[in-house]
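The primary structure of each chain is shown beneath.
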Amino acid sequence: MPLAVGIVGLPNVGKSTLFNALTRTQQAAAANYPFCTIEPNQATVPVPDNRLAPLAERVHPGRIVAATVDFVDIAGLVRGASQGDGLGNQFLGRIREVNAIIHVVRCFENDDVVHVEGGVDPVRDIQIIETELLLADLQTLEKRIDRIGRQARADKALRAELTAMEDLKRHLDAGRPARLYPRQEGDAILPALADLHLLTDKPMIYGANLNESDLATPDENRHLAALREHARPEGIAVITIAAQLEAELCSLPEAERAEMLAAYGLAESGLDQTIRLAYETLGLISFFTAGPMEVRAWTIRRGTLAPQAAGVIHGDFERGFIRAEVIGYDDFIRHGSEQACRAAAALRVEGKEYAVQDGDVVHFLFNV
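In every chain, residue numbers begin from 1 and rise along the written sequence. Local features are withheld for residues below a pLDDT of 70 in this predicted model, meaning they are given only at 70 or higher, and side-chain atom pairs are given and counted only at 80 or more; totals for whole chains, interfaces and linings count all residues. Side-chain numbers here rest on the full set of heavy atoms in the structure, without hydrogens or water.

**A word on the packing of helix 4 (residues 122-152) against helix 5 (residues 157-173)**
Orientation of helix 4 relative to helix 5, taken along the N-to-C sense of each, is 155 degrees, at an axis distance of 10 Å. Looking at the two axes, helix 4 sits roughly antiparallel to helix 5. For the crossing formed where helix 4 meets helix 5, the hand is left-handed. Residues Leu134, Asp137, Leu138, Leu141, Glu142, Arg144, Ile145, Ile148, Gly149, Gln151 and Ala152 of helix 4 touch helix 5, and the partners they reach there are Leu158, Arg159, Glu161, Leu162, Met165, Glu166, Leu168, Lys169, Leu172 and Asp173. Here the nonpolar group is Ala, Val, Leu, Ile, Met, Phe, Trp, Tyr, Cys and Pro; Asp, Glu, Lys and Arg are the charged ones; every other residue, Gly included, is treated as polar. Grouping the amino acids of the contact of helix 4 with helix 5 by side-chain chemistry returns eleven nonpolar, two polar and eight charged. Axes here mean lines fitted to C-alpha atoms, for a helix over just the part in contact, with angles spanning 0 to 180 degrees between N-to-C directions. A run of H or I in DSSP becomes a helix once it reaches four residues, and a run of E becomes a strand once it reaches two; helices and strands are each numbered from the N terminus. In what follows, roughly perpendicular refers to angles from 65 to 115 degrees, roughly parallel to angles under 35, roughly antiparallel to angles over 145, and oblique to any angle outside these ranges. Should the near helix be turned counterclockwise from the far one by less than a right angle, the crossing is left-handed, whereas a clockwise turn marks it as right-handed. Any two residues whose heavy atoms approach within 4.5 Å at even a single point are treated as in contact.

**A look at the side chain of Glu130**
By the secondary structure assignment, Glu130 is in helix 4. Burial classification: accessible surface area is computed with a 1.4 Å probe over protein chains only, and a residue below 20% of its type maximum counts as buried, one above 50% as exposed, and the rest as partly exposed. Classification of Glu130 by relative accessible area gives buried; the value is 11%. The residues contacting Glu130, other than those within four sequence positions of it, are Pro177, Arg179, Thr200 and Met204.

**A word on the side chain of Glu350**
Its location among the elements puts Glu350 in strand 11 (residues 347-350). Whenever two N or O atoms come within 3.5 Å, that pair is a polar contact, provided that in protein one can donate a hydrogen and the other can accept it, and provided that, for residues adjacent in sequence, both atoms are side-chain atoms. Within polar-contact distance, the side chain of Glu350 engages the side chain of Arg348 at 3.0 Å. Setting aside its immediate chain neighbours within four residues, Glu350 contacts Phe321, Arg323, Ala324 and Val326.

**Some words on unusual backbone geometry**
The phi dihedral of His60 is positive, around 55 degrees, even though this residue is not glycine. Position of His60 relative to the elements: it lies in the loop between helix 2 (52-59) and strand 3 (63-65). At His197, a residue that is not glycine, the phi angle is positive and equals roughly 50 degrees. Residue placement: His197 occurs in the loop between helix 6 (189-196) and strand 6 (204-209). Take His197: its relative accessible area is 42%, and that puts it in the partly exposed class.

**Comments concerning the pairing of strand 1 (residues 4-8)**
Buried residues dominate strand 1, accounting for five of its five residues. In this structure, strand 1 lies alongside strand 4 (residues 68-73), joined through four bridges in parallel fashion. Bridge pairing in strand 4 places Ala4 opposite Asp70. Two strands are said to pair when DSSP picks up at least two bridges between them.

**Description of the pairing of strand 9 (residues 294-301)**
Here strand 9 lies mainly inside the structure; seven of its eight residues are buried. Two strands pair when backbone bridges link them, and strand 3 and strand 9 are joined in this way by three bridges, in the parallel orientation. Each bridged residue has a counterpart across the sheet, and for Val65 the counterpart in strand 9 is Arg296. As judged from the seven bridges shared by strand 8 (residues 284-290) and strand 9, these two strands associate in the antiparallel manner. Following the sheet pairing, Thr289 is matched in strand 9 by Arg296. Connecting strand 8 to the antiparallel partner strand 9 that follows it, the hairpin turn spans three residues.

Now the structure itself:
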């Protein structure tokens, strides 16, 4: 299941520096001037999962394959982006293609780094971007309403959708993002929302870019405090990162990286937290297959039933699904092998109605 996460924000807030660190590359230009990034940079990043290595120690596979996330570095947006300012229409279109958004916000003072709005104010910066996304969504919605409004005169089936769309427009007109629009299974608005790919309907994460000196005592950073207060009513997660430090960490060997993190009092890098939270924000989990060829993490949405989980591996597995042999991760580690789990009655046989759980080690049986 491909997962694409867009990195957005105003120019010069650290998006490209963060992208380079996330992908351990220097493929995205990072410079102290607006629109340094024009074409979007994209890279596939493994999802950190400390369960893979213990599984591999017990199975001794030929390779280990982690789940992945695609990160897309999208050029900085500015006021008027929804009207095309700063190549805004082009950049907004690229946001429409991703599954979730990490909105990088500058929470550090530095006179040597230009701020396009003249000073550091994370809440104002967020409101600028959110306004542009809302305006772009309103344009998209108005076009849809105009089109189906004419068709609904002769097609009763479209009238319920039109009513729902007009209600959603009132919601957006009030300055509320589409992701806060109330909905439930069977609502007439759902097919339209899936088709429109509204920008403000995408899950959001705030990435607070701090100075390295703030990492030990982030609660003392007034900009971060304001950002957290702004995020609280909607329950948007806030990650604290020092993009420049993360870029430096990437160039170090593993042992030295751990030493530097320890020096800052950190158990793991902000990048690992960012990748994992992006994964979790979309309600994704991993199950494993473990054998002599490979130990692999597979990505599914939480609640996915066994046949559909099998289909992630291969379509034939889903079409010919018979049953799934399932071992919980902790049981597999405790007993050390599939055979030992069978002997200890720790292996379960599950059918078509079983929802695969995070960490399940699964062997699918099928026949086509």
